[in-house]
Amino acid sequence: MKILVVMTAKATLHLLDGELHPSGFWAEEFVVPYQIFRAAGHTVDVATIGGQAPTVDQTSIDPQFLQWVRPAGSKDTDAASAAEYIRVIGATPQLKKPLALESLGEKDIAGYDGIYVSGGHGAIGDLPKSDELAQLLRWAIAQDKPLATVCHGHTSLLALRDGEGRWPFEGYRMTAFSHSEELVTNMAGRLPLILEVELTRLGARYEKAEAIWDSHVVVDRKLTTGQNPYSSKALAETFLQQLAQA
């Protein structure tokens, strides 16, 4: 099988107070699914807007920071995880020369078995503003392709509309990075959007884990969604099950 991974190309995020906050993609949300997809024998392509090499959010490879983005009481593998994320990111050629989303046509999308949108706060800055990404996802929906998003990867869905002006995921059960989780980041109150609020406003049946930072994955029809970085493993495994059934 062949999977397209869509990633943010943003290295900073413009906050409401004018700060250009260092950002990018979240390491765990790329590395863990990528390794699971490859271990299952699948080909993985990476695409960004403009074909720009994505930038990793430095806090996502900082073992001192990772303790704050996993559930309380979970096993401390932060140092080993950070080292593995750094190793994989450095050894993945697709990250150095990703495909340009703009270069992908309808026939190209037909050649993929599924599309996964990785996250990171950087995604807020470019994914919901890309007409080309919206078109790519419309083709995928029309072709009945399985889609998966995690954390802030859901920003890729916000601008989608069907021919009648309706959001194509209205009424879908889904999860995403929660407002509760946003409130404990150092960007609380300054973000351009809150995913839980935006998805609910568009008509999603939003749900989340009972405990903050815990793993939570939701499947509704061909859409698989994960709440946060800690959901990356379960999301990838669930997505592979969806691909096998497609």
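Everything here concerns the structure above.
Residues numbered from 1 in each chain as written. Predicted model: local features only at pLDDT ≥ 70, side-chain atom pairs only at ≥ 80, totals over all residues. Heavy atoms only, no water.

(A) Region of the structure containing the nonpolar core. Among the nonpolar cores identified, the biggest contains 38 residues, and L4, I115, L136, W167 and F169 are the most heavily contacted of them. At the level of secondary structure, the elements contributing two or more residues to this core comprise β1 (2-6), β6 (114-117), α6 (123-126), α7 (131-142) and α9 (195-202). If one sorts the elements of this core by residue count, α7 sits on top with 5 residues. Among residues more than four places away in sequence, those in contact with F169 are I141, L147, L157, L160, M174 and L223. Residues W26, A27, V56 and W213 belong to the second largest nonpolar core, which totals 34 residues. (Core = buried A, V, L, I, M, F, W, Y, C linked by side-chain atoms within 4.5 Å. Buried < 20%, exposed > 50% of the residue type's maximum accessible area, 1.4 Å probe, protein only. Helix = DSSP H or I, 4+ residues; strand = E, 2+ residues; numbered from the N terminus. Contact = heavy atoms within 4.5 Å.)

(B) Quick peek at the packing of aromatic side chains. Throughout the structure, instances matching the rule amount to 8 aromatic pairs. A ring pair is formed by F25 and F30, whose centres lie 6.2 Å apart and whose planes are at 75 degrees; its orientation type is edge-to-face. F25 sits in the buried class, given a relative accessible area of 1%. The cationic tip of K2 hangs over the ring face of Y112; the distance from NZ or CZ to the ring centre is 4.8 Å. Its guanidinium or amino end placed over the ring of Y172, R221 lies 3.7 Å from that ring's centre, counting from NZ or CZ. (Phe/Tyr/Trp six-rings, centres within 6.5 Å; stacked < 30°, edge-to-face > 60°. Lys NZ or Arg CZ within 6 Å of the ring centre and 35° of its normal.)

(C) Structural view of the sheet that holds strand β10 (residues 217-220). Read across the sheet, 7 strands follow the order β5-β4-β1-β6-β7-β11-β10 without closing on themselves; strand pairing throughout is mixed. The sheet terminates laterally at β5 (99-100) and β10, the two strands that pair on one side only. Strand direction decides the pairing type here: β1 and strand β4 (residues 43-48), joined by 5 bridges, are parallel. Opposite I3, over in β4, you have V44 as the bridge partner. Along the sheet face, α7 touches β1, β6 and β7 (147-150) and points at about 135 degrees away from the line of β7. (Pairing = 2+ DSSP bridges. Axes fitted to C-alpha atoms, helices over the stretch in contact; angles between N-to-C directions.)

(D) Fine view of the pattern of salt bridges. Evaluation of the coordinates by the stated rule reveals 12 salt bridges. For E19, the salt bridge goes to R190, with nearest N and O atoms at 2.5 Å. Of this pair, E19 sits in the loop between β2 (12-14) and β3 (20-22) while R190 is found in the loop between α8 (179-182) and α9, placing the two residues 171 residues apart along the sequence. Among the residues examined, E19 registers a relative accessible area of 29% and is labelled partly exposed. The network of salt bridges with common partners includes D17, E19 and R190. (Salt bridge = Lys/Arg side-chain N within 4 Å of Asp/Glu carboxyl O.)

(E) Layout of the packing of helix α1 (residues 27-39) against helix α10 (residues 232-245). Taken N-terminus to C-terminus, the directions of α1 and α10 make an angle of 35 degrees; their axes are 9 Å apart at the nearest point. Regarding α1 and α10, the two cross each other, and that crossing is right-handed. Two secondary-structure elements touch here, α1 through E28, E29, V32, P33, I36 and F37 and α10 through S232, K233, A236, E237, F239 and L240. Among the residues forming the contact of α1 with α10, the class breakdown is 7 nonpolar, 1 polar and 4 charged. (Left-handed = near helix turned anticlockwise from the far one by under 90°. Nonpolar A, V, L, I, M, F, W, Y, C, P; charged D, E, K, R; others polar.)

(F) The arrangement of the layout of surface pockets in detail. The space that makes up the largest pocket amounts to roughly 360 Å³. Every residue lining the largest pocket is counted, 21 residues in all, and those nearest its centre are W26, T59, F65, H121 and T185. Across the lining of the largest pocket, the residue classes break down as 11 nonpolar, 8 polar and 2 charged. The space that makes up the second largest pocket amounts to roughly 310 Å³. Contributing to the lining of the second largest pocket are 13 residues, with E28, T77, S81, Y85 and Y230 lying nearest its centre. The biggest single contributor to the lining of the second largest pocket is helix α3 (residues 78-91), with 3 residues. Grouping the constituent residues of the lining of the second largest pocket by class yields 5 nonpolar, 3 polar and 5 charged. (1 Å grid on protein atoms, 1.4 Å probe; cavity = no way out; pocket = protein on both sides within 12 Å on 5 of 7 lines; lining within 4 Å. Points joined across faces, edges and corners; volume = space filled by probe spheres on them.)

(G) Highlighting the packing of α1 against α3. Direction vectors running N to C along α1 and α3 enclose 70 degrees, while the axes themselves pass 10 Å from each other. Of the possible angle classes, the one that applies to α1 and α3 is roughly perpendicular. Seen from α1, the contacting residues are A27, E28, V31, V32, Y34 and Q35; seen from α3, they are E84, Y85, R87, V88 and I89. (Parallel < 35°, antiparallel > 145°, perpendicular 65-115°, else oblique.)

(H) A look at unusual backbone geometry. The residue W213 is not glycine, and still its phi comes out positive at about 75 degrees. Within the element layout of this structure, W213 appears in the loop between β9 (205-206) and β10. Of note in this structure, R221 is not a glycine but carries a positive phi near 55 degrees. For R221, the position within the fold is in the loop between β10 and β11 (223-226).

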